[in-house]
Amino acid sequence: MATITMPAAKTAPTAAMVALKEAVMTAFVVFMLCFLMIGFETQASQGQPLGYVTRFAAIAWGIVLVPLGRVALVLDRYGHPMPSLIGGGLAFLYLFGGAVISLAFDVPVVAFNEHLIGSDLAAAGGIPMPFGDPIVDAIFGLGALYIVVLAVQTLRRTAHGELTLEAREEKEERSSTRAKRLSLILGPTLMVLAVIIPFTPFSDRGLIETLTLILTYVMLGWGLNIVVGLAGLLDLGYVAFYAVGAYSYAKLSLDLNLDFWASLPLAGIFAAFFGVALGFPVLRLRGDYLAIVTLGFGEMVRIILINWQVFTGGPNGISGIKKITFFGFPFERNAPEGTVTFANLFGLEFSTMHRVLFLYYVILVLALITNFFTMRLRRLPIGRAWEALREDETACRALGINPTNTKLTAFAMGAMFAGFAGSFFAVRQLFISPESFVFIESAVILAIVVLGGMGSQVGVALAAIILIGMPEVMRELSLYRMLAFGAVMVLIMLWRPKGLLAHREPTILLRRGNGKKKKAGAPA
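Residues numbered from 1 in each chain as written. Predicted model: local features only at pLDDT ≥ 70, side-chain atom pairs only at ≥ 80, totals over all residues. Heavy atoms only, no water.

Please explain the overall build of the chain as it appears in this structure.
Looking only at helices and strands, the chain features 19 helices and eight strands. The buried share among the 524 residues of the chain stands at 41%. Here the contacts in the chain between residues at least 6 apart in sequence split such that 71% fall between residues at least 24 apart. (Helix = DSSP H or I, 4+ residues; strand = E, 2+ residues; numbered from the N terminus. Buried < 20%, exposed > 50% of the residue type's maximum accessible area, 1.4 Å probe, protein only. Contact = heavy atoms within 4.5 Å.)

Structure below.
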C-alpha cells in the first residue's frame, strides 16, 4: 500500500538562503521603484528656475528596512517566527512610538543622515529617526506591527495544530462561549452608556454629533446583518436603500409637506420595495456573482440620482428639507403664529442643543428598535430559514424551505431598516446629494458587519464604534487618519478573522440537555 509522506519543514540554513535571495530581489525592486519617484524632489522658488533636491538617504533606509521585513516574513513562513516577533516588536516600539511622541508632544524628529549620533544630535534636541518625518516613520512602524501580528498568528497556528480534534473543538467552543458572555456584558453596558453620556460633564456638541453618526452606522450595520450575517447573502449595494430612504423623506417633506414622523414609515416601505426589486434578479446567484450584481445595483441608483435632475436635483442635491419636530412642536426660537415651540412647551430657555439631543435620542431609539426586531425575527421561522439558507442553500431546498421567499424577505427587511436610517440622515443633514451615497459607504457598512462578527449584534455595535469613531477622533491627522483606519481593519482581521464577537450559535440546538428533562421510564 502506498504511503503518503508529508514534506519536511525547512531547516534553518535553507530558510536563511531563501530569505537572503528574496531580500536581494526586494532591495532591487525597492531601488527601481523609489529612485525616480522618491530620490528627486522638485522645488520651485519665486523668480528662480525649477530645481530639485535629492533624497537618497530615504531610499537607502527603504532598501535596508523593507528587505529586513521581507527576511522576517520568509523566516516566519518557514516556521521560525521568533525573529519576526522580536525584531518587529522592537522596530514598532521605536518607529511608531517615536512618531507618536513627536506628534503628541511637538518634539522635533531628526533624521540620522542629518546629524551624527553624538553631540550634534544632542544639541539638536530631537528624536533620531530613519526618515526624519514622523508620518513616514509611523507607516514603517505599522509595517513592523503587521510582521509581529503574523508571527503571533504563526505561533497560535502551531499550538493549535498540535492539539487533537477533540481539543480543537473544545477550544473553539470556549472561544464562542467567551464571545457570547462578553456580548451579554457589553450589550447592556453600551446601552446604558448611550443613554447617560449626554448628561455627563465631559459631553459637548461635538461628542453628541459623533455619537449620532456612530449610531446611524450601528443601525445600518444591524440592518445589513440580516442580509449578510443571518441570510448569508453578500450585498455590496446596501447604500442604495439608504439613499432611497433619504430621498423619500426629502420629497415627501417638500412636495407633500409631511413631517418626519409621517414620512418615516413610508420611507421604510419604499426602501423595502426596492429591496424586493433587487431580490428578484439575484434569486439564482450566489457568492461573488451575487456581490457583483448588488454592486451594480448600488451604482445604478447613484447614477439615476445624478441624472434625474427634475426629480432628485441631480448633482446639486436637495436642500431646504423640513426639520424634525418634537411631535409637532418645533425646535425654534420664535414659533410661527398659532404654534408652540419645544422650549416654551417645557418652560426652557431656547438652545440649539435641544434639537441635537433630540436627534441623538431618536436615532438611539430607532437603532434599538432595529436590534429588537432583528433578534425577534431570528427566533421566528423566517429567521431560522435565513440561517438554513446561510449554511447550505441546497440542504435548505431539500428541507422544503422556499429559497425565493427567504431571499426576498431578507432583502426587504434589511432594506426597510436602511430606509429608516436614510430618512433620519436626511432630517439631520437637511441636505442630501448623490455624493453622500457612494460605494465606499456600502464598503464601510459591510466592514462593520464583518469585523464585528456576522450575526453578532453587539459585535456590529462595537465595530461601528471603532471604525466610525476612530477616524473622527483622529481627524486632526488629516489624510493620514485613513491610513490608521486601514491598519486597524487589517489587524482586527488578522487577530480575530471571524470577527470581534463572533458566536454563530443557531437558534435551535438539537442536542441532549437543552430541552426539558425526560420523564422517568421514557424511552431514550
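Picking up where we left off.
Is there a simple way to explain the nonpolar core in this structure?
Note that soluble globular proteins tend to have their nonpolar side chains buried in a common cluster. Core analysis: the biggest nonpolar cluster contains 93 residues, and Ile432, Phe437 and Ile448 have the highest contact counts within it. A total of 14 residues in this core trace back to one element, the largest contributor, which is helix H7 (residues 205–230). (Core = buried A, V, L, I, M, F, W, Y, C linked by side-chain atoms within 4.5 Å.)

Can you walk me through helix H3 (residues 82–105) in this structure?
Every α-helix carries 3.6 residues per turn, so stepping three or four residues along brings you back to the same face. Over its 24 residues, H3 runs 33 Å from end to end, which matches the ideal 34 Å to within 8%, given 1.5 Å per residue. Considered for burial, the residues of H3 that qualify are Ser84, Gly88, Phe92, Leu95, Gly98, Ala99 and Ser102. Remark: aspartate 106 follows H3 within two positions and exhibits a positive phi of approximately 55°. (Expected span 1.5 Å × (residues − 1).)

Any chance you could explain the packing of aromatic side chains here in plain terms?
The geometry of an aromatic ring pair is captured by the separation of the ring centres together with the interplanar angle, meaning the angle of the planes. A complete count under the given rule lists 26 aromatic pairs for this structure. Judged by centre distance (5.1 Å) and plane angle (75°), the rings of phenylalanine 260 and tryptophan 261 are edge-to-face. Note on phenylalanine 260: relative accessible area 1%, which makes it buried. When the ring of phenylalanine 326 is compared with that of phenylalanine 327, the centres are 5.2 Å apart and the planes differ by 70°; the resulting orientation is edge-to-face. Here a set of aromatic residues connected by ring pairs shows up, and it is made of Tyr249, Phe260, Trp261, Phe326, Phe327, Phe331 and Phe358. Positioned over the ring face of tyrosine 78 is arginine 77, at 5.2 Å from the centre of the ring. Above the plane of the ring of phenylalanine 311 lies lysine 251, whose end atom (NZ or CZ) is 4.7 Å from the centre. (Phe/Tyr/Trp six-rings, centres within 6.5 Å; stacked < 30°, edge-to-face > 60°. Lys NZ or Arg CZ within 6 Å of the ring centre and 35° of its normal.)

Help me out: how do you make sense of unusual backbone geometry in this one?
For residues that are not glycine, phi is negative in most cases, and the peptide bond is trans in most cases. Even without glycine at this site, asparagine 257 takes up a positive phi of about 60°. Turning to its location among the elements, asparagine 257 is positioned in the loop between helix H8 (239–255) and helix H9 (260–279). According to the relative accessible area criterion, asparagine 257 is exposed, its value standing at 56%. With a phi angle near 65°, leucine 430 is a residue other than glycine that sits in the positive phi range.

Please clarify how the pattern of salt bridges should be interpreted in this entry.
Close approach of charged atoms allows side chains with opposite charge to pair. Per the counting criterion, the structure on display carries nine salt bridges. Put simply, arginine 205 and glutamate 209 hold a salt bridge, and the shortest N to O gap is 3.8 Å. Here the residue arginine 205 and the residue glutamate 209 both occupy positions in helix H7, the gap between them amounting to four residues, near one helical turn. Judged by its relative accessible area of 25%, glutamate 209 falls in the partly exposed class. It is possible to trace a salt-bridge network through shared partners that takes in Glu22, Arg70 and Arg77. (Salt bridge = Lys/Arg side-chain N within 4 Å of Asp/Glu carboxyl O.)

Help me out: how do you make sense of the packing of H7 against helix H14 (residues 381–391) in this one?
Each pair of packed helices can be described by the angle between their axes along with the distance between the axes. Where H7 meets H14, the closest approach of the two axes is 8 Å, and the angle between their N-to-C directions is 50°. With respect to H14, the axis of H7 lies oblique. For the pair H7 and H14, the contacting residues are Ile226, Gly229 and Leu230 in the first and Trp386, Glu387 and Arg390 in the second. (Axes fitted to C-alpha atoms, helices over the stretch in contact; angles between N-to-C directions. Parallel < 35°, antiparallel > 145°, perpendicular 65-115°, else oblique.)

I would appreciate a short explanation of the environment of leucine 220 in the present structure.
With respect to the secondary-structure elements, leucine 220 resides in helix H7. For the pair leucine 220 and serine 442, spaced 222 residues apart in the sequence, the C-alpha separation amounts to 9.6 Å. Residues in contact with leucine 220, not counting those within four places in the same chain, are Tyr238, Tyr242, Ala418, Ala421 and Ile445.

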